[in-house]
Amino acid sequence: MTASGIYVYGIVGRSHPLSAGAAGVGEPPAPVRLLPVDDLAVVVSAAYPGLRARRRDLMAHQGLLMTLAEAGPVLPMRFGTMAPDEATVLAGVAAHHSEHAAVLERLDSRVEMNIKITPVRDNLAALIREDPVVRRIREETRRHPSYEANVRLGEAVAAGLRRRAAAVAARLPAEFAGIAGIGGIADDMRPGPDVEGCVLNLSFLVPRREEGRFRGVAERFAADHRDRLELRVTGPLPCYSFVAPEPVPARA
């Protein structure tokens, strides 16, 4: 298949190791190489027409970035970032060299950890005791049962569960204050996009050596509030949340 441009995975330091036989997206998987730009390098492969967000390619993109991150800091690109030719890539990186170098320095020895919190769907008795709105609607439904009343009650219960979970979730960032590198520093926390059902979607820039402590704090927090919320930790991840959305001129 004829290549139609350059696929860009990320930016690393020029001396960053790249494993022999590293492969990326495409079918067959395209060989990956480094394009040096002064003391930086861009991780690229050939881009082929018809590339889509298929699971195999998504996993190949993510897997390559994870492998790169194990050996040093990586400024990651989103899946599907492409440029028409090498000259475009090199010019874009060179034009913002100092910014890219500063980001790589900040990401050195750090990983992204993401936490999502959703409300529990049981323990209705506790909700009714604590939430006067839910309690009132439940009493009205008992006195005047109907389909519409049941719908209102269901909506009130869902909203009440979200309020209970959100009130506790708001206290989570402070729990990490004792972990070096993320204690109370806004630049080391990033809210993620809204996710259906979540009351909190937050990413942290965590020193790699503190990953175990981070998980421990999150697990204890979840255990202490298991009657109100469910917590999921994902990571380590490439630090997407802590870099600019398009570090080089490219098309997606």
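Residues numbered from 1 in each chain as written. Predicted model: local features only at pLDDT ≥ 70, side-chain atom pairs only at ≥ 80, totals over all residues. Heavy atoms only, no water.

As for the confidence of the model for the protein
Next up, step 1: On average, residues of the protein carry a pLDDT of 85, and 91% of them reach 70 or more.
Next up, step 2: Highest mean pLDDT in the protein belongs to strand S4 (residues 75-76) (94); lowest belongs to helix H4 (residues 124-130) (72). (pLDDT = per-residue confidence, 0-100. Helix = DSSP H or I, 4+ residues; strand = E, 2+ residues; numbered from the N terminus.)

Examining the pattern of salt bridges
Next up, step 1: According to the stated counting rule, one finds seven salt bridges in the structure shown.
Next up, step 2: In this structure, arginine 33 engages glutamate 86 in a salt bridge whose closest nitrogen and oxygen atoms are separated by 2.8 Å. Within this pair, whereas arginine 33 is found in strand S2 (residues 32-37), its partner glutamate 86 is found in helix H2 (residues 86-95), the two being separated by 53 residues in sequence.
Next up, step 3: Given the relative accessible area of 31%, glutamate 86 is considered partly exposed.
Next up, step 4: Across the salt bridge formed by glutamate 211 and arginine 215, the nearest N and O atoms sit 3.3 Å from each other. Here glutamate 211 pairs with arginine 215, and both are found in helix H8 (residues 211-224), just four residues apart, close to one helical turn. (Salt bridge = Lys/Arg side-chain N within 4 Å of Asp/Glu carboxyl O. Buried < 20%, exposed > 50% of the residue type's maximum accessible area, 1.4 Å probe, protein only.)

A few points about the side chain of glutamate 112
Next up, step 1: Note on placement: glutamate 112 falls in strand S6 (residues 110-119).
Next up, step 2: One buried charged residue, glutamate 112, remains without a salt bridge, the closest side chain of opposite sign being arginine 78 at 7.1 Å.
Next up, step 3: One polar contact links glutamate 112 to serine 203, side chain to side chain, over a distance of 2.9 Å.
Next up, step 4: With near-sequence residues (within four places) excluded, glutamate 112 lies in contact with Ser203, Phe204, Thr234, Gly235, Pro236, Leu237, Pro238, Cys239, Tyr240, Ser241 and Phe242. (Lys, Arg positive; Asp, Glu negative; His and termini not counted. Polar contact = N/O pair within 3.5 Å; in protein donor to acceptor, adjacent residues only side chain to side chain. Contact = heavy atoms within 4.5 Å.)

Description of unusual backbone geometry
For residues other than glycine, phi is negative in most cases, and the peptide bonds are mostly trans.
Next up, step 1: For the bond from glutamate 27 to proline 28, the omega torsion is 5 degrees, close enough to zero to count as cis.
Next up, step 2: Summarising the element assignment, proline 28 is placed in the loop between strand S1 (5-13) and S2.
Next up, step 3: In the segment running from glycine 235 into proline 236, the intervening peptide bond is cis, with an omega of 5 degrees.
Next up, step 4: Mapping proline 236 onto the fold places it in strand S9 (residues 229-237).

Things to note about the sheet that holds S9
Next up, step 1: Strands sit in the order S7-S8-S6-S9 across an open sheet of four strands; the sheet is antiparallel. Edge positions in the sheet fall to strand S7 (189-191) and S9, since each has one partner strand and no second. Neighbouring strand axes in the sheet, compared pairwise and without regard to direction, differ in orientation by 20 degrees on average.
Next up, step 2: Here S7 pairs with strand S8 (residues 200-207) via three bridges, running antiparallel. Among the inter-strand pairings, proline 191 is bridged to a residue of S8, identified as leucine 202.
Next up, step 3: Along the sheet, helix H6 (residues 147-169) makes contact with S6, S8 and S9, crossing S6 at roughly 150 degrees. (Pairing = 2+ DSSP bridges. Axes fitted to C-alpha atoms, helices over the stretch in contact; angles between N-to-C directions.)

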